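A look at the structure
Single-letter residue listing:
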Amino acid sequence: MTIEILKDGDALALRVADLFALAAQESAAARPRFAVALSGGETPRALYKLLARQQFSQKVPWRRTHLYWGDERCVPPDDPRSNYGAARDGFIKHVPIPAENVHRMRGEDLPEEAAHEYDGELRRLAAQAKPRVDVPVFDLVLLGLGTDGHTASLFPHGDALTVEDAFCTPATAPDGSPRLTVTAPVINAARRVWFLVSGAAKAGMVAEVIEGLRVPMAVPAQGVAPVHGSLTWFLDEAAAAELSPDARA
Ligand code: 6PG
């Protein structure tokens, strides 16, 4: 586990945009595709904007890049709450990625049906791996962190936390709104897992996830522990403010 602390949200987005392009090149050099699961919420929007810029987009092998999502709100793609919609408008419509390489969760469908459909999508990803794998292996999973300790749409004490027989499942946000989320085994099978967290509001939970008592059912982000891959926290100074000197070292 690595912790990178950047000055602010803009510096964080710049650093991650650089490393995203590098990870894409490395993955596409080692395998037929670079498979990445995007996160939702506000924090990745600055990154998405940067990926649309020539200086970054020209470094990404888009023809071999496949975009997936870690979670989605159960809304149509044009809804302002749509995680797919945010990435589409942020960078996807500005870069030369083939439409068939964009694997979105169908937030407009019934949650059970959409989760089942996406579970199939992830099983196809697993089947395409050489050698074939049981759990789909992403080259990169981007995650955010809620002030309640949720990540993707894995909420405290949520049913989705204990799902083992599906790679995508419906979930319910604390406000009652329906969501779709990949399950913990998918996140933990990834080669790289990156948390992007910025702002003082997150400082307490960042410290609790990284240094607090281990209670993953209550703090789902604590359940993120890649089996073979690497875990990196990209924090701005404000989000890192409550970490101990040891953790910051
Ligand atoms: C979502 C996300 C969710 C998000 C956190 C942090 O769909 O909302 O995937 O897990 O990453 O809630 O959200 P912010 O970046 O908006 O603080």
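Below, the structure is looked at part by part. (Residues numbered from 1 in each chain as written. Predicted model: local features only at pLDDT ≥ 70, side-chain atom pairs only at ≥ 80, totals over all residues. Heavy atoms only, no water.)

Right, let's talk about the overall build of the protein chain for a bit. From N to C terminus, the protein chain includes eight helices and nine strands. At 17 Å, the protein chain has a C-alpha radius of gyration in line with the 18 Å of a compact globule built from 249 residues. Reported as C-alpha extents along the three principal axes, the dimensions of the protein chain are approximately 45 × 40 × 40 Å. For the protein chain, the residues scored as buried account for 53% of the 249 residues in total. Total accessible area on the protein chain stands at roughly 11,100 Å², and carbon and sulfur atoms take up 53% of it. (Helix = DSSP H or I, 4+ residues; strand = E, 2+ residues; numbered from the N terminus. Rg over C-alpha atoms; globule rule 2.2 N^0.38 Å. Buried < 20%, exposed > 50% of the residue type's maximum accessible area, 1.4 Å probe, protein only. Areas by Shrake-Rupley, 256 points an atom, 1.4 Å probe, with all protein chains shown as cover.)

This brings us to the site of the ligand. For the ligand, the set of nearby residues contains 14 residues, the closest of which are E42, T43, D71, A152 and K202. Interatomic distance of 2.6 Å between a side-chain N/O atom of T43 and an oxygen atom of the ligand. Measuring from an oxygen atom of the ligand, one finds a side-chain N or O atom of D71 at 2.7 Å. With the chains in place, 87% of the 420 Å² that the ligand exposes on its own is no longer accessible. Its atoms largely coinciding with the cavity grid, the ligand occupies the largest pocket. Residues of the shell around the ligand, tallied by class, amount to two nonpolar, seven polar and five charged. (Near = heavy atom within 4 Å. Polar contact = N/O pair within 3.5 Å; in protein donor to acceptor, adjacent residues only side chain to side chain. 1 Å grid on protein atoms, 1.4 Å probe; cavity = no way out; pocket = protein on both sides within 12 Å on 5 of 7 lines; lining within 4 Å. Sits in = over half its atoms within 2 Å of the grid points. Nonpolar A, V, L, I, M, F, W, Y, C, P; charged D, E, K, R; others polar.)

The next thing to look at is the layout of surface pockets. There is about 370 Å³ of room inside the largest pocket. Mapped onto the lining of the largest pocket, the elements with two or more residues apiece are β4 (71-73) and β5 (140-143). Tallied by class, residues from the lining of the largest pocket come to nine nonpolar, 10 polar and seven charged. By volume, the second largest pocket amounts to about 300 Å³. Lining the second largest pocket are 15 residues; nearest its centre among them are R31, Q128, A129, K130 and R191. When residues in the lining of the second largest pocket are grouped by element, the largest group, three residues, is from helix α5 (residues 111-128). (Points joined across faces, edges and corners; volume = space filled by probe spheres on them.)

All right, on to helix α4 (residues 83-90) then. Within α4, seven of the eight residues are buried, which leaves the element mostly enclosed by the surrounding structure. What α4 keeps buried is the set N83, Y84, G85, A86, A87, R88 and G90. The inward-facing, buried residues of α4 abut β2 (34-38), α2 (45-51), β3 (65-69) and β4. If you check the start of α4, you find a side-chain oxygen 3.3 Å away from the backbone N of Y84, and it comes from S82. (Contact = heavy atoms within 4.5 Å.)

A few words on the packing of aromatic side chains. Each aromatic ring pair is summarised here by two numbers: the centre-to-centre distance and the angle between the ring planes. Throughout the structure, instances matching the rule amount to eight aromatic pairs. Taking 5.9 Å as the distance between ring centres and 35° as the angle between the ring planes, the aromatic pair formed by W62 and F91 counts as tilted. With W62 in the loop between α3 (54-57) and β3 and F91 in the loop between α4 and α5, this residue pair connects regions lying 29 residues apart in the sequence. The pair W62 / F91 is uniform in exposure class, with both members buried. Ring geometry for W194 and F234: centres 5.4 Å apart, planes at 75°, overall edge-to-face. A residue pair is termed long-range when its members are at least 10 positions apart, and W194 in strand β8 (residues 192-197) and F234 in strand β9 (residues 230-236) qualify at 40 residues. Accessibility assignment for this pair places W194 and F234 in one class, buried. (Phe/Tyr/Trp six-rings, centres within 6.5 Å; stacked < 30°, edge-to-face > 60°.)

Distances and angles like these do not, on their own, reveal function.
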